[in-house]
Amino acid sequence: GSVVPSFDLVLFGDPVDHSFSPIIQQAGLDAAGLIGTYRAMRVDEAGFRRGCSALRAGVWHGGNVTMPHKRLAFEEMDQRSAGAERAGSVNTIVVEGSRLTGSSTDIDGIRTVWETAALPQDAPVLVLGSGGAASAALIAMDARELFISSRRDEAAVRLAAILDVNVKPIHWGTPLAGAVVVNATPLGMRGEPLPPGIVEGSAGLLDMAYGVHTTPAVVTAGRMGLAHASGTDLLLAQATASFTLWTGRSAPTTEMRAALQKAQAGG
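Residues numbered from 1 in each chain as written. Predicted model: local features only at pLDDT ≥ 70, side-chain atom pairs only at ≥ 80, totals over all residues. Heavy atoms only, no water.

(A) Main features of the sheet that holds strand 1 (residues 6-13). In space, the six strands of this open sheet follow the order 2-1-3-5-6-4, with mixed pairing throughout. Of all the strands in the sheet, just strand 2 (35-42) and strand 4 (79-80) have a single pairing partner and so form its edges. In the sheet, strand 3 (residues 62-65) pairs with strand 5 (residues 92-96) via three bridges, with the strands oriented antiparallel. Paired with Gly63 across the bridge in strand 5 is Ile93. Across the sheet, helix 2 (residues 45-56) is in contact with strand 1, strand 3, strand 5 and strand 6 (99-103); its angle to strand 1 comes to roughly 170 degrees. On the sheet, helix 9 (residues 231-247) packs against strand 1, strand 2, strand 3, strand 5 and strand 6 and is oriented at approximately 5 degrees with respect to strand 5. (Pairing = 2+ DSSP bridges. Helix = DSSP H or I, 4+ residues; strand = E, 2+ residues; numbered from the N terminus. Contact = heavy atoms within 4.5 Å. Axes fitted to C-alpha atoms, helices over the stretch in contact; angles between N-to-C directions.)

(B) Spatial organisation of the sheet that holds strand 8 (residues 146-149). Strand order across the open sheet formed by six strands is 9-8-7-10-11-12, with parallel pairing between neighbours. On the outer flanks of this sheet lie strand 9 (167-169) and strand 12 (228-229), each paired with one strand and no other. Of the strands in this sheet, strand 7 (125-128), strand 10 (180-183), strand 11 (204-207) and strand 12 are in contact with helix 5 (residues 105-116), which crosses strand 11 at around 145 degrees.

(C) Quick peek at the pattern of salt bridges. Counting across every chain of the model gives nine salt bridges. As a salt-bridge pair, Arg80 and Glu85 come within 3.5 Å of each other at their nearest N and O atoms. The salt bridge partner of Glu145 is Lys168, with a shortest N-O separation of 3.7 Å. With a gap of 23 residues between them, Glu145 in the loop between helix 6 (132-140) and strand 8 and Lys168 in strand 9 connect regions that are remote in the sequence. When its relative accessible area of 42% is taken as the criterion, Glu145 is described as partly exposed. What makes Lys168 partly exposed here is its relative accessible area of 44%. Residues joined by salt bridges that share partners form a network here, namely Glu45, Arg49 and Glu76. (Salt bridge = Lys/Arg side-chain N within 4 Å of Asp/Glu carboxyl O. Buried < 20%, exposed > 50% of the residue type's maximum accessible area, 1.4 Å probe, protein only.)

(D) Representation of the nonpolar core within the structure. Judged by nonpolar contacts, the single largest core of 33 residues is most densely connected at Ile110, Trp114, Val127, Leu138, Val182, Leu206 and Met208. Of all the secondary structure elements, the ones that give two or more residues to this core are helix 5, strand 7, helix 6, strand 8, helix 7 (153-163), strand 10 and helix 9. Not counting the four nearest positions on each side in its chain, Val182 is found in contact with Trp114, Val125, Leu126, Val127, Leu128, Ala137, Leu206 and Met208. Within the second largest apolar cluster, 20 residues are counted, among which are Leu34, Phe243, Trp246 and Met256. (Core = buried A, V, L, I, M, F, W, Y, C linked by side-chain atoms within 4.5 Å.)

What follows is the structure in C-alpha cells.
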C-alpha cells in the first residue's frame, strides 16, 4: 500500500499562547484526511535557530513564524519566494530534504482579505509599524499611495529605504484623514488601543494584530461603520495559503474557518 505522508508542523514566535494557528491547521489536516500535528513553540532568537536545525533534521515537515522572528527567519532560510525576498520577511517554512524555503503568505493574505472585506481600492494606505508584518503590508499594497508610521521614526525611514517602495514616513500618532489604516504593530493583542484619532479619521482598517478578544481598533471601526478586517481574518487567509504550500493540496477553508470561529467563541 502507499505510505500516507505525515505533516508534523510547528509555529515559532513569542508570544504564541494566544495563537489560533494550531486549531486552524489541525482542523485543516483532519478535514483533508492527512496525518499530522501542529504545535506552537515559544522561542527566543537562539531557540528559533535551534528550531531551524530541527526542521533541517526532519523533526518537523514545515513551520510558521510569527512576531518577532519573521526577519530572523528570512536570514535563516536557504532560499526564499520572490515575495519573501522583497519583504525581507518569512512566515512560512517549507522543508525539502535539509533545505528550508521561506515564503510570506502574509502578502497574499493581505490582498485576499482586502477584497473580501471590501476595503477601499483607491484610498491612500497608512501602515503602522516597521517589522516583518509592515514589510508584507507595504509590498502587498505597493501600487497605492503609501504612508508609514512607527513608534521609532528612524525605523520607518529605514524600512522604506530597504524595501525600495515609494512611501512617505509620518510621525507616530498622526492621523491621516481618508487613508485605510493597516496596523502591523502588536498594539491590540493585549487590549491596547491605537493612538487617538487614527481609526476615527480613517477610510477603513486592516488590523493585523489579534488576541483573545476583539481589538479596540476593530471595535472602533465596527462602531463607526467603517470597512474593516481583523487579524483573525488575515490569519485564516495566510493559514490556508501555508497549508497549501506544505501539503500541495487546496486548503479545506470552510472547516478551518469553522474551527477558528469556535475557538474565538470559546475565548
